[in-house]
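# Structural overview for review
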Amino acid sequence: MGIDDYGGGQGTGSDVLVVTANDVPGYRVQEVIGEVFGLTVRSRHLGSQIGAGLKSMVGGELRGLTKTLVQTRNQAMERLVEQARARGANGVLAFRFDVTEAADVGTEVCAYGTAVVLARE
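Residues numbered from 1 in each chain as written. Predicted model: local features only at pLDDT ≥ 70, side-chain atom pairs only at ≥ 80, totals over all residues. Heavy atoms only, no water.

The subject of this paragraph is the pairing of strand β4 (residues 106-120). With 11 of 15 residues buried, β4 is to be regarded as a mostly interior element. Sheet analysis places strand β2 (residues 27-43) next to β4, joined by 15 bridges and oriented antiparallel. Of the residues in β4, the one forming a bridge with Gly-34 is Ala-115. Bridge count between strand β3 (residues 91-102) and β4: 10 bridges; the pairing is antiparallel. Within β4, the position partnered with Phe-97 by the bridge is Ala-111. Counting the residues that bridge the hairpin from β3 to β4 gives three residues, and of these Ala-103 lies at a positive phi of roughly 50°. (Buried < 20%, exposed > 50% of the residue type's maximum accessible area, 1.4 Å probe, protein only. Helix = DSSP H or I, 4+ residues; strand = E, 2+ residues; numbered from the N terminus. Pairing = 2+ DSSP bridges.)

Next up on the list: the side chain of Thr-40. Within the fold, Thr-40 resides in strand β2. Engagement of the side chain of Thr-40 in a polar contact is seen with the side chain of Gln-75, the distance being 2.8 Å. Those residues within four positions of Thr-40 in sequence are excluded, and the remaining contacts are Thr-72, Gln-75, Ala-76, Arg-79, Thr-107, Glu-108 and Val-109. (Polar contact = N/O pair within 3.5 Å; in protein donor to acceptor, adjacent residues only side chain to side chain. Contact = heavy atoms within 4.5 Å.)

Rendered as structure tokens:
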């Protein structure tokens, strides 16, 4: 598994800056647009469930599930960025993920934060 299989986050050159902080050094918040989120629900592949069940008996990382969760989080973040951009934002502050089980059939991942317009100081 390569770094792209288990890593995530924003790539370089995005026009919407996403940070977990409440402010960005060198910028001021010019306008608060409001909450934005990106949501996705993924079901589990039967093969990965069987593999995960067997792997859990001996211990270790569940690589298939790790890769699926990374892909799911990245998709949720992409949707958050799309929503922020569509609402005129160039930044998202206080970015977080929320992950829950969805009716015992999959995993719901919600990326959320506060869309803002940032200006250089």
